[in-house]
Amino acid sequence: MTPAKTASSRSHRPAPFHPDEALQVVRRRTTLVPKVALVLGSGVGVLAEGVAWEATLPTEEIPGLPRSTVPGHSGRLLFGRWAGRSVVVAQGRAHLYEGYSAEEVTRVVRLFAALGARSLVLTNAAGGISSRMTPGTLMLVEDQLNLQWQAPGRPGQGSPGDPRAAQGMGPSGPTNPRGLASRPVYSPDLLAKATRAAVNAGVHVERGILGVTLGPSYETPAEVAMLERMGADAVCMSTAAEVAAANEIGLPVACISCVTNWAAGKNPAYTARLKHDDVTTGVAAVAPALRSVIERLILALA
Ligand code: HPA
């Protein structure tokens with residue numbers, strides 16, 4: 001049931017991350033300064049196909065970036081013009097359930113900021129909890145319930161072996177800034193622009209609260225019932241740490257969740273156990289709608 005491939009293909013620990021060093025490696029391949037950065041999650045990477053990218057870099061070529069071990073996550077950074085605007089795209093992401101720390105999975109967000117990105121658009125696949133979130137729905141995330149209980153700014157979330165982590169310091173400064181003032185965490189401006197993009201694209205979207213679990217197992221029906229009582233409209237296993245990192249560095253962030261399935265127990269007619277393939281198939285079904293929303297959103301942001 002796990003989306004991770006096999007234990008043997010699990011990640012090795014990435015090298016320590018120094019944003020300047022990572023930036024230099026990217027700059028050897030492209031001078032493009034992206035206005036918008038996007039993360040295309042489970043299966044959503046297909047959206048990047050058909051764009052004529054100027055430069056493509058496997059994440060493993062960028063020092064310090066973790067690589068994804070999950071099917072449907074190709075693990076590449078793509079640079080070029082999408083909808084006529086300069087963007088960088090992470091095609092695939094690394095997850096906490098692959099054994100990476102919150103600091104490690106959010107390095108790509110720090111790299112985006114170092115590259116000059118002014119907005120971050122995240123995508124993911126999610127299970128629908130509230131009755132509005134039928135499979136095939138796109139949910140614009142208003143806020144999150146981070147049940148992973150991990151965020152990049154916590155002491156001890158730095159790179160193991162980096163002595164600065166023990167002092168709450170990361171390569172790019174303090175990793176535990178206290179009293180973050182950035183609330184709400186999802187940019188209201190980006191949310192409004194994403195809503196307008198959907199209206200202009202003629203795509204129905206819902207707004208809701210994203211519950212985020214550690215994974216890799218899908219939730220039990222009891223866990224989904226708990227999430228529902230807590231106020232989650234949909235559930236996924238990624239994104240929360242990236243949002244926290246974007247907030248730490250002041251990068252406005254939005255997230256579009258593709259609801260690919262009913263979360264466990266929400267559809268009594270559906271008794272088969274959910275598999276990662278069901279999720280990627282579900283994403284393929286919403287991909288055209290998501291593409292038209294994202295392309296309009298890029299235009300509004302850049
Ligand atoms: N739960 C958690 N993550 C998911 C789900 C789900 O039901 N579907 C797609 N990603």
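Described below are features of the structure shown in this document. (Residues numbered from 1 in each chain as written. Predicted model: local features only at pLDDT ≥ 70, side-chain atom pairs only at ≥ 80, totals over all residues. Heavy atoms only, no water.)

Taken together, Ala125, Ala126, Gly127, Tyr218, Glu219, Val235, Cys236, Met237, Thr260, Asn261, Leu274 and Val279 make up all the residues around the ligand. With respect to the ligand, the backbone of glycine 127 contributes an N or O atom lying 3.3 Å from a nitrogen atom. Take glutamate 219: an N or O atom from its side chain is 2.7 Å from a nitrogen atom of the ligand. At a threshold of 2 Å from the grid points, most atoms of the ligand map onto the largest cavity. (Near = heavy atom within 4 Å. Polar contact = N/O pair within 3.5 Å; in protein donor to acceptor, adjacent residues only side chain to side chain. 1 Å grid on protein atoms, 1.4 Å probe; cavity = no way out; pocket = protein on both sides within 12 Å on 5 of 7 lines; lining within 4 Å. Sits in = over half its atoms within 2 Å of the grid points.)

A full pass over the atoms with the stated rule returns twelve salt bridges. With a closest N to O distance of 3.4 Å, arginine 67 and glutamate 60 form a salt bridge. Residue arginine 67 is classed as partly exposed on the basis of its relative accessible area, which comes to 31%. Here glutamate 60 falls in the exposed class, since its relative accessible area comes to 54%. Among the ionic pairs, arginine 132 bridges to glutamate 206, the shortest N-O distance being 2.8 Å. Here glutamate 206 lies in strand β9 (residues 205-212) and arginine 132 lies in the loop between β5 (119-128) and β6 (138-146), a separation of 74 residues in the sequence. Under the relative-accessibility criterion, arginine 132 is labelled partly exposed at 37%. Members of the salt-bridge network, linked through shared partners, are Arg132, Glu206 and Asp233. (Salt bridge = Lys/Arg side-chain N within 4 Å of Asp/Glu carboxyl O. Buried < 20%, exposed > 50% of the residue type's maximum accessible area, 1.4 Å probe, protein only. Helix = DSSP H or I, 4+ residues; strand = E, 2+ residues; numbered from the N terminus.)

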